[in-house]
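The chain contents come next:
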Amino acid sequence: MDPIHLLHSLNKRNAMYQNTLNYISKKVSHIFHQYEIIDNHIHIGKGEGVWFYPDVDAARVMDVLENIGISKAIVFPNYHKKYLDANEEIFHIQQSFKNLVGFGRLNTGRASWIPWKSILSPPRQFLSAGLTNFLIRKNKIDTQAEIVKCINRYKLKGFKISPGVDGQLSKDEIALINEFDVPILIHDSPQNIYNRILRFFPKTKIILPHMGGYPANSDDYLKAIKMAGEYENLYLDTSATMFQYILHKGITEIPDKLIFGSDLPAWHPAAGVTLLMTLDIPETHLRRVFSENIKKLVDFS
Ligand SMILES: [Zn+2]
């Protein structure tokens with residue numbers, strides 16, 4: 001059960017939990033409210049065919065955010081086979097909730113490039129990117145048309161791609177997204193981001209979630225921090241990054257390139273905010289990570 005469902009079902013059933021939650025929210029919210037906080041990483045909507053992240057309701061998300069003083073957030077669809085309905089759902093959410101900004105999600109159906117090395121040394125890369133994509137359905141949607149529709153008709157402000165389940169973007173698709181000058185939040189390793197995008201399009205606006213090291217890959221964290229220092233439009237989001245030394249290193253070395261994200265409903269945003277607030281870093285850095293950096297990429301007005 002995801003945190004949103006968990007919170008709500010517990011709230012109904014358990015008065016003691018409700019009191020504790022209110023108490024904690026009150027305790028922390030005045031501290032959190034000192035900052036403008038924008039959450040750049042929230043999965044929302046109905047979802048399709050997966051056990052994780054079931055129906056995540058926008059009103060519930062707003063409850064969670066308002067409780068702890070997060071003013072705005074970027075939301076994108078949970079897993080869908082094609083995302084056509086899901087992108088429309090995000091459009092309606094964005095229309096109804098002025099503090100939620102939508103990113104579209106795409107299924108390119110294009111099999112991942114499988115590095116031979118990863119076949120020889122399974123399981124992480126091979127299983128997650130290679131095998132899933134090996135079995136991926138054929139591309140039945142007009143991805144280019146969907147990109148145009150997301151921006152022109154739905155007024156979405158960027159894209160989210162998980163190549164492991166959604167397939168790879170082609171060069172044409174990347175070039176088209178670049179023409180619209182919007183960021184792509186793309187869950188991949190820093191090496192793949194370089195090989196598949198930055199090598200050809202070094203100025204593409206990319207947000208690499210989980211600081212590039214999900215799950216807990218220290219080489220990738222370090223590589224991502226270094227790359228974000230080198231590529232002008234490469235940013236890292238802090239979602240699901242639990243290591244304080246990695247967060248500290250990132251904020252100290254690339255304070256203009258780190259963006260706060262929670263990964264709600266997998267992670268409660270209060271957990272991510274707390275991890276950042278307990279670091280020994282200048283307050284100006286914290287303000288950049290909480291809101292100033294993402295505003296350089298996305299227009300929230
Ligand atoms: Zn996520």
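See above for the structure.
Below is a summary of the structure that appears in this document. (Residues numbered from 1 in each chain as written. Predicted model: local features only at pLDDT ≥ 70, side-chain atom pairs only at ≥ 80, totals over all residues. Heavy atoms only, no water.)

## Description of the packing of aromatic side chains
Then comes step 1: In the structure shown here, the tally under the stated rule is six aromatic pairs.
Then comes step 2: Ring centres 6.2 Å apart and planes at 85° place the aromatic pair Tyr79 and Tyr83 in the edge-to-face group. Exposure class is identical for Tyr79 and Tyr83. Each is buried.
Then comes step 3: Measuring from ring centre to ring centre gives 5.9 Å for Phe260 and Phe290, while their planes differ by 80°; the resulting arrangement is edge-to-face. Of this pair, Phe260 sits in the loop between β9 (258-259) and α13 (269-277) while Phe290 sits in helix α14 (residues 283-297); the two residues are 30 residues apart in sequence, bridging distant segments of the chain. Accessibility assignment for this pair places Phe260 and Phe290 in one class, buried.
Then comes step 4: Each member of the aromatic cluster is reached from another via a ring pair, and the members are Tyr35, Phe260 and Phe290.
Then comes step 5: The ring of Phe200 is capped by Lys171, whose NZ or CZ atom sits 3.9 Å from the centre of that ring. (Phe/Tyr/Trp six-rings, centres within 6.5 Å; stacked < 30°, edge-to-face > 60°. Buried < 20%, exposed > 50% of the residue type's maximum accessible area, 1.4 Å probe, protein only. Helix = DSSP H or I, 4+ residues; strand = E, 2+ residues; numbered from the N terminus. Lys NZ or Arg CZ within 6 Å of the ring centre and 35° of its normal.)

## Things to note about the coordination of the zinc ion
Then comes step 1: Coordination of the zinc ion by the protein comes from His41 (NE2), His43 (NE2) and Asp263 (OD), over a distance range of 2.1 to 2.3 Å.
Then comes step 2: For the zinc ion, the donor residues sit on a single chain with the sequence spacing H-x1-H-x219-D. In this pair, His43 sits in strand β1 (residues 37-44) while Asp263 sits in the loop between β9 and α13, placing the two residues 220 residues apart along the sequence. Like Asp263, His43 is buried. (Donors = N, O, S within 2.8 Å, 3.2 Å for Na, K, Ca; no water.)

## Description of the sheet that holds β9
Then comes step 1: Reading across from one edge, β4-β5-β6-β7-β8-β9 is the order of the six strands in this open sheet, with parallel pairing throughout. Here the strands that pair on one side only, and so sit at the sheet edges, are β4 (104-105) and β9.
Then comes step 2: Strand contacts of helix α10 (residues 190-198): β6 (184-186), β7 (206-208) and β8 (234-237), with the helix running at about 160° to β7, the strand carrying the most contacts.
Then comes step 3: With respect to the sheet, helix α11 (residues 218-230) is in contact with β7 and β8, its orientation differing from that of β8 by roughly 140°. (Pairing = 2+ DSSP bridges. Contact = heavy atoms within 4.5 Å. Axes fitted to C-alpha atoms, helices over the stretch in contact; angles between N-to-C directions.)

## Let's talk about helix α9 (residues 171-179)
Then comes step 1: Along α9, the residues that are buried comprise Glu173, Ile174, Leu176 and Ile177. Each buried residue of α9 lies within a common arc of 160° when the element is viewed along its axis, so the set occupies one face. What points out from α9, more than 90 degrees from its buried face, is the exposed set Asp172 and Glu179.
Then comes step 2: Tucked inside the fold, the buried residues of α9 contact α7 (143-153), β5 (159-161), β6 and α10.
Then comes step 3: Once α9 ends, the next one or two residues include Asp181, with phi positive near 60°. (Arc of directions from axis to C-beta.)

## Examining the environment of Gln168
Then comes step 1: Along the polypeptide, Gln168 turns up in the loop between α8 (163-166) and α9.
Then comes step 2: On the accessibility criterion, Gln168 (8% relative accessible area) is buried.

## Considerations on a negative patch on the surface
Then comes step 1: Together, Asp55, Asp57, Asp63 and Glu66 give the surface a local cluster of negative charge.
Then comes step 2: Within the secondary structure layout, Asp55 lies in the loop between β1 and α3 (58-67).
Then comes step 3: Overall, Asp55 belongs to the partly exposed group, its relative accessible area being 42%. (Patch = residues over 30% accessible without salt bridge, like charges linked within 9 Å, V, L, I, M, F, W, Y side chains within 5 Å. Areas by Shrake-Rupley, 256 points an atom, 1.4 Å probe, with all protein chains shown as cover. Salt bridge = Lys/Arg side-chain N within 4 Å of Asp/Glu carboxyl O. Lys, Arg positive; Asp, Glu negative; His and termini not counted. Charge placed at Lys NZ, Arg CZ, Asp CG, Glu CD.)

## Comments concerning the nonpolar core
Then comes step 1: With 65 residues, the main nonpolar core has Ile44, Leu100, Phe159, Leu236 and Leu276 as its most contacted residues.
Then comes step 2: Residues in contact with Leu276, not counting those within four places in the same chain, are Thr238, Leu247, Ile251, Phe260, Ile281, Leu286, Val289 and Phe290.
Then comes step 3: Core analysis: the second largest hydrophobic core is formed by 13 residues, Ile74, Phe76, Ile207 and Phe300 among them. (Core = buried A, V, L, I, M, F, W, Y, C linked by side-chain atoms within 4.5 Å.)

## Observations regarding the pattern of salt bridges
Side chains bearing opposite charge may pair, as long as their charged atoms lie close to each other.
Then comes step 1: This structure, assessed with the given rule, holds ten salt bridges.
Then comes step 2: A salt bridge links Lys46 to Glu89; the nearest nitrogen and oxygen atoms lie 3.6 Å apart. Of the two residues, Lys46 sits in the loop between β1 and α3 while Glu89 sits in helix α4 (residues 84-96), which places them 43 residues apart along the sequence.
Then comes step 3: With a relative accessible area of 18%, Glu89 lands in the buried category.
Then comes step 4: One salt bridge in this structure joins Glu232 and Lys203, with 3.4 Å as the shortest N-O distance. With Glu232 in the loop between α11 and β8 and Lys203 in the loop between α10 and β7, this residue pair connects regions lying 29 residues apart in the sequence.

Shape descriptors only; they carry no functional weight alone.
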